[in-house]
Amino acid sequence: MCGSTHSTRLWMAKGYEWSRCNVCHGLQVTHLPTPETLDDLYNKNYYEGYKEDYDMSRYVDYIGQRSFIQSNLKRRVTWARKHLALAAGATWLDVGCAAGFLLDVVREQGFSPYGLDYSDFGPAYAQNELHMPNVRQGTIDSPPADFPNAFDVVSYIDVLEHIPCPRDILQKSIDLVAPGGYLIGETFDPNCWFAQKMGAAWHAIDPPNHLNILSLNAIDDLMTSRGLTHVASASFPRTISLPSIATKLYQPIAPSLYRSPLRNVGIPLWFNDVVIWLYRKS
Ligand SMILES: [Zn+2]
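Computed from a prediction, not measured in an experiment: that's the story for all the values here.

Things to note about the state of the cysteines
What is meant by a disulfide is a covalent connection between two cysteines, made through their sulfur atoms. Following the criterion strictly, the structure yields 0 disulfides and no others. Looking at the unpaired Cys165, the closest cysteine sulfur is the one in Cys2, lying at 16 Å. Of all cysteine sulfurs, the one in Cys24 lies closest to Cys192, which takes part in no disulfide; the gap is 15 Å.

This is the structure:
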C-alpha cells in the first residue's frame, strides 16, 4: 500500500504465508492466490455458502441475513451522511456492493445509487428485488459505458482487504470522485491493539478472502498526496452470524449451525479493530 518492497515474513494462516511491510506495517499474503482461485471463490455460492459443504470462506446466507447486514451498513451510512456536504440527488457509487444493501439505504437518504460487484449474484438480486438498475456486475477497471465519469461519493465497505492490488484501485477510485466529492472506506487496522494481541488468530487474517490489511497511515499518505483531506474516522460494532462466531470459538458445532435456521442469527461484536474513514476531494 505504501509502495515499499521491504517486508518481513510473519506466519502461516489458513495455508497462506503473511508478511508485514517494514515501512507502513500493513499486512499482506506473501504470494497472491491465482486469478482462478479468486474466480472460484467469488462464484455464485460465495453468498450462499450453506448450499455447499461447510466452508466459512463464503458468506453463509447473505440474503437470509439481510436484516442485520443492512443494519450494520445503515449505521455507517447514517454516520457518513452527517459529514457529507452534498445536495439531494448526489451520486453514490458503492464498489463491491454485493446485493446492494448499502445502496438501498443510500437511496432512502436521497442519493442516486450506483453499484459494482465482481460476482453476478449481488447485482442480479439488486436489479430484480431492490429495483436498482444501476447495480452491475463489473469492476472500476472497466465501468459500464452509461455510468457517469465521476461520482459525488465512492465507497468501499469491507472490500479493500479482498482486492489483490488495493493501491491501484484506490488511485483509480480517487480519479472517479468528482471535485468536492468523497471517498469512504471501511478497513481493518493492522496496527490496533487487538490485531497485535491476536497475531495469526485475528479474524481479519482470512485468506483467500482477505489478502491485505491496509495500514491506515499508508491510506492517509496516499489520500493527502492526491489532494484529499481527511474529514472523519470512526469505529462501530457489527453484527456477525452465529456460524461465523462458532467457527472462531468452538469449531465442532459450526458445521451444524451452518445448515440450521440458526445460521441467520446475528450477535453484535466490537473489537475496535475496524475503522471507517472519510476523505474529501478538493
Ligand atoms: Zn507499506
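Having seen the model, we can carry on.
Concerning the coordination of the zinc ion
Protein coordination at the zinc ion: the donors are Cys2 (SG), Cys21 (SG) and Cys24 (SG), at 2.2 to 2.3 Å from the metal. For the zinc ion, the single-chain donor residues occur in sequence as C-x18-C-x2-C. With Cys2 in the segment before strand S1 (7-13) and Cys24 in the loop between strand S2 (16-21) and strand S3 (27-29), this pair connects stretches of sequence that are 22 residues apart.

Here we look at the pairing of strand S7 (residues 151-157)
Of all 7 residues in S7, 6 are buried, a share of seventy percent or more. Pairing between strand S4 (residues 91-95) and S7: 3 bridges, direction parallel. Residue pairing for S7: Trp92 is matched across the bridge by Val153. Here 6 bridges tie S7 to strand S8 (residues 177-188), and the two strands are oriented parallel to one another. Of the residues in S8, the one forming a bridge with Ser155 is Ile184.

Some remarks on the nonpolar core
In this structure, Trp18, Trp79, Trp92, Phe101, Ile184, Trp202 and Ile213 are the most contacted members of the largest nonpolar core, which totals 54 residues. The biggest single contributor to this core is helix H2 (residues 66-83), with 6 residues. By size, the runner-up hydrophobic cluster in this structure holds 30 residues, among which are Cys21, Val154, Ile169 and Trp277.

Side note on the packing of aromatic side chains
Think of a pair of aromatic rings as described by two things: how far the centres are apart, and how the planes are tilted against each other in angle. Taken as a whole and assessed by the stated rule, the structure comprises 18 aromatic pairs. Note on Trp79 and Phe236: the rings are 6.1 Å apart at their centroids and 70° apart in plane angle, and the pair reads as edge-to-face. A residue pair is termed long-range when its members are at least 10 positions apart, and Trp79 in helix H2 and Phe236 in the loop between strand S10 (228-234) and strand S11 (238-241) qualify at 157 residues. Assigned by exposure class, Trp79 and Phe236 land together as buried. Measuring from centroid to centroid gives 5.3 Å for Tyr114 and Phe151, while their planes differ by 65°, and the two rings are edge-to-face. Placement of Tyr114 in strand S5 (residues 112-117) and of Phe151 in strand S7 is noted, with a sequence separation of 37 residues between them. One aromatic cluster is present, formed by Tyr42, Tyr46, Tyr47, Tyr59, Tyr62, Phe101, Tyr118, Phe121 and Tyr125 through successive ring pairs.

A word on helix H5 (residues 166-176)
Residues of H5 that are buried include every one of Pro166, Ile169, Leu170, Ser173, Ile174 and Leu176, and no others. Viewed end-on, H5 has its buried residues packed into an arc of 155°, placing them on one side of the element.

Some details on the sheet that holds S5
Spatial strand order, S6-S5-S4-S7-S8-S13-S10: 7 strands in an open sheet with mixed pairing. Two strands lie at the open edges of the sheet, namely strand S6 (135-137) and S10, each paired on one side alone. Each strand axis lies, on average, 15° off the axis of its neighbour in the sheet, ignoring direction. Where S5 and S6 come together, 3 bridges link them in parallel fashion. Residue pairing across strands places Asp117 opposite Gln137, the latter belonging to S6. Contacts from helix H4 (residues 121-129) reach S5 and S6, with the element oriented near 150° to S6.

What about the pattern of salt bridges?
Here the structure, examined in full by the defined rule, presents 14 salt bridges. One salt bridge connects Arg58 with Glu52, and the closest N-O pair in it is separated by 3.6 Å. Judged by relative accessible area, Glu52 falls into the partly exposed class, the value being 27%. Residue Asp104 pairs with Arg107 through a salt bridge whose shortest N-O separation is 3.1 Å. Here Asp104 and its partner Arg107 are both found in helix H3 (residues 101-108), 3 residues apart, which amounts to about one turn of the helix. Asp104 sits in the buried class, given a relative accessible area of 11%. The class for Arg107 is partly exposed, based on a relative accessible area of 32%.

What about H2?
For H2, built from 18 residues, the straight-helix expectation of 26 Å at 1.5 Å per residue is met to within 8% by its first-to-last C-alpha distance of 26 Å. Inspection of H2 places Phe68, Ile69, Gln70, Asn72, Leu73, Arg76, Val77, Trp79 and Ala80 among the buried residues, and these make up the whole buried set.

Calculation notes
- Residues numbered from 1 in each chain as written.
- Predicted model: local features only at pLDDT ≥ 70, side-chain atom pairs only at ≥ 80, totals over all residues.
- Heavy atoms only, no water.
- Disulfide = S-S within 2.5 Å.
- Donors = N, O, S within 2.8 Å, 3.2 Å for Na, K, Ca; no water.
- Helix = DSSP H or I, 4+ residues; strand = E, 2+ residues; numbered from the N terminus.
- Buried < 20%, exposed > 50% of the residue type's maximum accessible area, 1.4 Å probe, protein only.
- Pairing = 2+ DSSP bridges.
- Core = buried A, V, L, I, M, F, W, Y, C linked by side-chain atoms within 4.5 Å.
- Phe/Tyr/Trp six-rings, centres within 6.5 Å; stacked < 30°, edge-to-face > 60°.
- Arc of directions from axis to C-beta.
- Axes fitted to C-alpha atoms, helices over the stretch in contact; angles between N-to-C directions.
- Contact = heavy atoms within 4.5 Å.
- Salt bridge = Lys/Arg side-chain N within 4 Å of Asp/Glu carboxyl O.
- Expected span 1.5 Å × (residues − 1).

In short, geometric facts, not functional conclusions.
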